[in-house]
Amino acid sequence: MAELGLNEHHQNEVINYMRFARFKRSLCLKTVDSCFQNLKDSRLVEETFTVDEVTDMLDGLQTVVHSEVESELINTTYTNVLVLRQIFSQAEKWYLKLQTDVSELENRELLEQVAEFEKSEFVSSNKKPSTDLIRPKLAPLNEGGTELLNKTVASLQEENEKLKTRLKTIETQATAALDEKIKLEKLLKDLQMIQGDQKTNANQDIAELENKVAALKCQFEKTLSDSTANQKFLEEDLVTTKHDLLKVRDQLSTAEKELEKKFQQTAAYRNMKEILTKKNEQIKDLRRRLSKYEPDD
C-alpha cells in the first residue's frame, strides 16, 4: 500500500479529506453530465440542424459547463483555505509557526504518489469506490492538550498568587513583631533608667552623709583644739555618728536590694520579660519561615 510519510492519525485525516474531495468531484462530474443531458433532452429534438443552431447549442453548453466548473474550482480553493485555517489554528494554540511550499504542489512525482495512494485506498480490488461523504467530527481546538496546558498554567498562576499573598502576610507579621520588639526594648530601657535614677539618689544620700561626717570630723577637730573638756563627748558623738552612718548605709543597701527584688517581682516586670521572650521566639520562627522563601545564592 502506498504511504505519504505521515503517522497513522494524520494519514487517516488525509484519507477523510480525500474522501470529501472525491465526493465533491463526483458531484461536479454529475453536474457536468446533467448539463449535456439537459441539452440532449431540450435541444436535440430534430433530426437535422444548421451550423448556426449547432454553434448556438455548443456556445450555451460551454457557458453552462464553464460556470459550473469555475464555481466548483472556486469552492475547492475556499475549501482548501478552510483546511489550512484549521491546521494553522491548532498549531497557533501550541505557539507553532507552520510553512507551506507552493512549488511542491506541482511536483509530478509527489502528485503521482498521491494518486497511487488514492488508488490503493479507494479503487483497490478489495475496496469499493465510495462517493458517500463521511464527515468526522473535528475535535474542539480548546480541548485536549491545549486545555490541559491552559489549566496547568492557570493552576500555577493561582498557586503563585497564593504564595505571594502568604509571603506578604508573613512580611507584615514580621514587621509588626519587629516594631513591637523595638517598643518593648524602649520601655525596658526606660525602666532601667528609672531604676538607675533611684540608685543615683541613694548614692547621693550616702554622699551627703559622708559630707556630714566629714564636716562633723572637722568640727570635732576644731573643738578638740579649743577645749579638751568636750573631747570625750565629741568622741562619743563621733562614734555614734559613725554607727548611724553604718546603719544608714546598711539600711540603704537593704532598701536597694528590697527595691530591686520588689521590682523584679512586680507583674509588669514579669509580663514584660515574658512578652520579650515570646516576641524573640516569634521573630526567630518568622526568620526561619522567611528563609524558606528566599532564593538561594
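Residues numbered from 1 in each chain as written. Predicted model: local features only at pLDDT ≥ 70, side-chain atom pairs only at ≥ 80, totals over all residues. Heavy atoms only, no water.

1. Description of the pattern of salt bridges
(1) Moving on: Applying the stated criterion to the full structure yields 8 salt bridges.
(2) Moving on: One salt bridge in this structure joins R249 and E210, with 2.6 Å as the shortest N-O distance. Of this pair, R249 sits in helix α5 (residues 231-265) while E210 sits in helix α4 (residues 145-226); the two residues are 39 residues apart in sequence, bridging distant segments of the chain.
(3) Moving on: For R249, a relative accessible area of 35% translates into the label partly exposed.
(4) Moving on: Of the residues examined, E210 reaches a relative accessible area of 36% and is grouped as partly exposed. (Salt bridge = Lys/Arg side-chain N within 4 Å of Asp/Glu carboxyl O. Helix = DSSP H or I, 4+ residues; strand = E, 2+ residues; numbered from the N terminus. Buried < 20%, exposed > 50% of the residue type's maximum accessible area, 1.4 Å probe, protein only.)

2. So, a negative patch on the surface
(1) Moving on: A surface patch of like charges, here negative, comprises E235, E236, D237 and D244.
(2) Moving on: Tracing the chain through its elements places D237 in helix α5. (Patch = residues over 30% accessible without salt bridge, like charges linked within 9 Å, V, L, I, M, F, W, Y side chains within 5 Å. Areas by Shrake-Rupley, 256 points an atom, 1.4 Å probe, with all protein chains shown as cover. Lys, Arg positive; Asp, Glu negative; His and termini not counted. Charge placed at Lys NZ, Arg CZ, Asp CG, Glu CD.)

3. Notes on the packing of helix α1 (residues 8-43) against helix α2 (residues 51-93)
(1) Moving on: The interhelical angle for the contact between α1 and α2, taken along N-to-C directions, is 165 degrees, at an axis separation of 11 Å. As far as their axial angle goes, α2 and α1 are roughly antiparallel. Regarding α1 and α2, the two cross each other, and that crossing is right-handed.
(2) Moving on: Of the residues in the contact of α1 with α2, the class split is 13 nonpolar, 4 polar and 6 charged. (Axes fitted to C-alpha atoms, helices over the stretch in contact; angles between N-to-C directions. Parallel < 35°, antiparallel > 145°, perpendicular 65-115°, else oblique. Left-handed = near helix turned anticlockwise from the far one by under 90°. Nonpolar A, V, L, I, M, F, W, Y, C, P; charged D, E, K, R; others polar.)

4. Overview of helix α3 (residues 108-122)
(1) Moving on: Spanning 15 residues, α3 covers 21 Å between terminal C-alpha atoms, matching the ideal 21 Å at 1.5 Å per step.
(2) Moving on: Buried within α3 we find F117, E118, S120, E121 and F122.
(3) Moving on: As for α3, its buried residues are in contact with α1. (Expected span 1.5 Å × (residues − 1). Contact = heavy atoms within 4.5 Å.)

5. Re a nonpolar patch on the surface
(1) Moving on: A cluster of nonpolar side chains, L84, I87, W94, L96 and L98, forms an exposed patch at the surface whose accessible area comes to about 460 Å².
(2) Moving on: Mapped onto the fold, L84 is located in helix α2.
(3) Moving on: Judged by its relative accessible area of 37%, L84 is partly exposed.

6. Thoughts on the environment of S34
(1) Moving on: As for its position among the elements, S34 is in helix α1.
(2) Moving on: Here S34 falls in the partly exposed class, since its relative accessible area comes to 30%.
(3) Moving on: Residues S34 and V65, 31 residues apart in the sequence, show an inter-C-alpha distance of 9.8 Å.

7. Focus on the packing of α1 against α3
(1) Moving on: Orientation of α1 relative to α3, taken along the N-to-C sense of each, is 85 degrees, at an axis distance of 11 Å. By the criterion of interaxial angle, the relationship of α1 to α3 is roughly perpendicular. Residues Q11, V14, I15, M18, R19, R22 and R25 of α1 form the contact with α3, whose participating residues are V114, F117, E118, E121 and F122.
(2) Moving on: Looking at the contact of α1 with α3 residue by residue, the classes come out as 6 nonpolar, 1 polar and 5 charged.

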